[in-house]
Amino acid sequence: MASELQTAFFEHVEKEQSYLAGGDYSFEELLQMSQRDRRVRNAFVFYVLSRPDYKNKLWSLANRSLHCKRLVNSLHKSLLSTLKEQFHREETKTLAKELLAEHFENKSIVFELNTYDTAAEMEKFLSTVVNTIMMKKLDTTEKREKRKLFLEKIDFNNLLIPQK
Amino acid sequence: MIFKNREDIIENLAMLDSELDQFNLSRKIEIIIFGGTAFLFRTNNMRVTSDIDVFIMTEITNEIEAVLHRFNVNSRVSSVLEVPPIEESFKRSELLNVPFNNLIVYIASKEDLIISKLFSSRQAQKDIDDLVNTDLIDTCDMDLLMELYNEYKKDVIFPLSRYNTLEEVLELKEMKKEKKVR
């Protein structure tokens, strides 16, 4: 059974996916977008984990499509490296552990020598979503009121001051 | 979290600032914002970012760095940014006019943002796209940009694989404009 955090995470991912893609799209459309839009790609790989039908499709396509294989591999790598990062919240690591156990238990990982680390971007996505959920959870009415007063004092028309 | 505008960024920094109150810091933490967040302050083009890439100018403990990280403030930007040197870009940055208790925030100049994208060691297409698809180059001080670009090129070893050329970006921008006209 999915943990409370995992449920909140996937709800958030679905919203972000929809915002980044500019609407609700099919698996095939999202997969296509993931080839040209890195933000959609980062959300898409996690979104796939929330839907068994989508996950089965992606896992199956990974056997014959290099792009899909790279998506799955980078996602796997991102979850593993999440466990090692010292600055992530404990909740982020717990979620990564859960996702690894549920989706990658008997899967081996291929380490690719890439100049650009896609897995690092996916890890960052996971971490920022969990941060957002936790920030919201730990926020209080008192903090919100204090922040509201603080923000009201800011002159948004005069935000940047050149240094002398 | 997707930051869509300056207000989102400032609210996030205000939350971080309030969290930092409990540490009774002896001095404020100075940061310079680069990356997508700085784009939100420097261009009018719609762009989103999910974290705040910064250079930290003040020495901080791992505990404090973990707090920054928990509020999506990421200091790893220095690993992909070889130039501009931070001391130089600091002088050209502007102060964010927000009275935080524990933070002093600067925003990198347009020219330094462009340089950071051109000389990013990760050499990703997204860095080129950021320059082609926003008005940053159109609204910057072109003389200063050329001066910095020519200066920093000399600092780069194996130049062909270490930076995106400004000429190529300008050409792509021209092509994009021509396409629109047609």
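Residues numbered from 1 in each chain as written. Chains lettered and ligands numbered in written order. Predicted model: local features only at pLDDT ≥ 70, side-chain atom pairs only at ≥ 80, totals over all residues. Heavy atoms only, no water.

1. A few points about the nonpolar core
Then, number 1: By size, the foremost hydrophobic cluster in this structure holds 60 residues, and its most contacted members are L13(B), L16(B), L96(B), F100(B), V105(B) and F119(B).
Then, number 2: The element contributing the most residues to this core is helix 1 (residues 6-20) of chain B, with seven residues.
Then, number 3: Ignoring anything within four residues of it in the chain, the contact list for F100(B) reads F150(A), I10(B), L13(B), A14(B), D17(B), K28(B) and V105(B).
Then, number 4: In this structure, F27(A), V40(A), L49(A) and I133(A) belong to the second largest nonpolar core, which totals 42 residues. (Core = buried A, V, L, I, M, F, W, Y, C linked by side-chain atoms within 4.5 Å. Buried < 20%, exposed > 50% of the residue type's maximum accessible area, 1.4 Å probe, protein only. Helix = DSSP H or I, 4+ residues; strand = E, 2+ residues; numbered from the N terminus. Contact = heavy atoms within 4.5 Å.)

2. Notes on the environment of N62(B)
Then, number 1: Structurally, the position occupied by N62(B) is in helix 3 (residues 62-70).
Then, number 2: Judged by relative accessible area, which is 45%, N62(B) ranks as partly exposed.
Then, number 3: In this structure N62(B) touches Q86(A) and F87(A), once residues within four positions along its chain are discounted.

3. Observations concerning the packing of helix 8 (residues 141-152) of chain A against helix 1 of chain B
To describe two helices that pack against each other, one gives the angle between their axes and the distance between the axes.
Then, number 1: Packing of helix 8 of chain A against helix 1 of chain B brings their axes to within 10 Å, and their N-to-C directions diverge by 125°. Judged by the inter-axis angle, helix 8 of chain A sits oblique to helix 1 of chain B. Pair helix 8 of chain A / helix 1 of chain B crosses with right-handed handedness. In this structure, helix 8 of chain A contributes K143(A), R147(A), F150(A) and L151(A) to the contact, and helix 1 of chain B contributes I10(B), E11(B), A14(B), M15(B) and E19(B).
Then, number 2: Across the contact of helix 8 of chain A with helix 1 of chain B, the residue classes tally to five nonpolar, no polar and four charged. (Axes fitted to C-alpha atoms, helices over the stretch in contact; angles between N-to-C directions. Parallel < 35°, antiparallel > 145°, perpendicular 65-115°, else oblique. Left-handed = near helix turned anticlockwise from the far one by under 90°. Nonpolar A, V, L, I, M, F, W, Y, C, P; charged D, E, K, R; others polar.)

4. Focus: the pattern of salt bridges
Then, number 1: Counted according to the given criterion, the structure contains 19 salt bridges over all chains.
Then, number 2: Residue E11(B) is joined to R147(A) by a salt bridge in which the shortest nitrogen-to-oxygen separation is 3.2 Å. With one member in each of two chains, E11(B) in helix 1 and R147(A) in helix 8 form a pair that bridges those chains.
Then, number 3: Residue R147(A) is classed as buried on the basis of its relative accessible area of 9%. (Salt bridge = Lys/Arg side-chain N within 4 Å of Asp/Glu carboxyl O.)

5. Considering the side chain of Q6(A)
Residues and elements named next belong to chain A.
Then, number 1: Along the chain, Q6 turns up in helix 1 (residues 4-21).
Then, number 2: A polar contact of 2.8 Å, which involves the side chain of Q6, links it to the side chain of E98.
Then, number 3: A distance of 3.1 Å separates polar atoms of two side chains, one belonging to Q6 and the other to E102.
Then, number 4: Apart from the residues lying within four places of it in its own chain, the contact partners of Q6 are L95, E98, L99 and E102. (Polar contact = N/O pair within 3.5 Å; in protein donor to acceptor, adjacent residues only side chain to side chain.)

6. Regarding unusual backbone geometry
For residues besides glycine, phi is generally negative; the peptide bonds are generally trans as well.
Then, number 1: For N24(B), which is not a glycine, the phi torsion comes out positive at approximately 45°.
Then, number 2: Take N24(B): it is sitting in the loop between helix 1 and strand 1 (29-33).

7. Looking at the sheet that holds strand 4 (residues 94-96) of chain B
Pairing between the strands of a sheet comes from backbone hydrogen bonds, and it takes one of two forms, parallel or antiparallel.
Then, number 1: Read across the open sheet, the six strands follow the order 1(A)-4(B)-5(B)-1(B)-2(B)-3(B); overall the sheet is mixed. In the strand order of this sheet, the two ends are held by strand 1 (160-162) of chain A together with strand 3 (73-74) of chain B, each with one partner.
Then, number 2: Relative to strand 3 of chain B, strand 2 (residues 52-56) of chain B is paired through two bridges, and the arrangement is parallel. Bridge pairing links D53(B) to N74(B) in strand 3 of chain B. (Pairing = 2+ DSSP bridges.)

8. Remarks on the side chain of S89(B)
Residue and element names in this part refer to chain B.
Then, number 1: By the secondary structure assignment, S89 is in helix 4 (residues 86-92).
Then, number 2: Relative accessible area serves as the criterion here: at 0%, S89 is assigned to the buried category.
Then, number 3: At 3.3 Å, the side chain of S89 forms a polar contact with the backbone oxygen of I86.
Then, number 4: For S89, the contacting residues outside a window of four places in its chain are F34, P84 and D112.

9. Here's the deal with the interface of chain A and chain B
Then, number 1: In this complex, chain A contributes 35 residues to the contact, which on the side of chain B involves 44 residues.
Then, number 2: Taken together, the two surfaces of chain A and chain B that pack against each other cover about 3500 Å², and 59% of this comes from carbon and sulfur.
Then, number 3: Here chain A and chain B share four salt bridges between them.
Then, number 4: For the interface between chain A and chain B, the tally reads 11 residue pairs in polar contact (both at pLDDT 80 or more). (Buried area = accessible area lost by both parts, 1.4 Å probe.)

10. Notes on the packing of aromatic side chains
Then, number 1: Taken as a whole and assessed by the stated rule, the structure comprises 11 aromatic pairs over all chains.
Then, number 2: Considering the side-chain rings of F9(A) and F46(A), the 5.6 Å spacing of their centres and the 85° angle between planes classify their relative orientation as edge-to-face. Placement of F9(A) in helix 1 and of F46(A) in helix 3 (residues 38-49) is noted, with a sequence separation of 37 residues between them. Taken as a pair, F9(A) and F46(A) share a single burial class, namely buried.
Then, number 3: Members of the aromatic cluster, each reached through a chain of ring pairs, are F9(A), F10(A), F46(A) and F125(A).
Then, number 4: If you follow K55(A) out to its NZ or CZ, it ends over the ring of W59(A), 5.3 Å from the centre.
Then, number 5: Sitting over the face of the ring of Y19(A), K4(B) holds its NZ or CZ atom 4.5 Å from the ring centroid. (Phe/Tyr/Trp six-rings, centres within 6.5 Å; stacked < 30°, edge-to-face > 60°. Lys NZ or Arg CZ within 6 Å of the ring centre and 35° of its normal.)

11. Observations regarding the packing of helix 2 (residues 27-36) of chain A against helix 3 of chain A
Residue and element names in this part refer to chain A.
Then, number 1: The interhelical angle for the contact between helix 2 and helix 3, taken along N-to-C directions, is 140°, at an axis separation of 7 Å. Between helix 2 and helix 3, the angle is such that the two are oblique. The interaxial crossing formed by helix 2 with helix 3 has left-handed handedness. Counting all contacts with helix 2, which are made through F27, L30, L31, M33, S34 and R36, the residues of helix 3 involved are R38, V40, R41, F44, Y47 and V48.

Geometric values such as these leave the question of function open.
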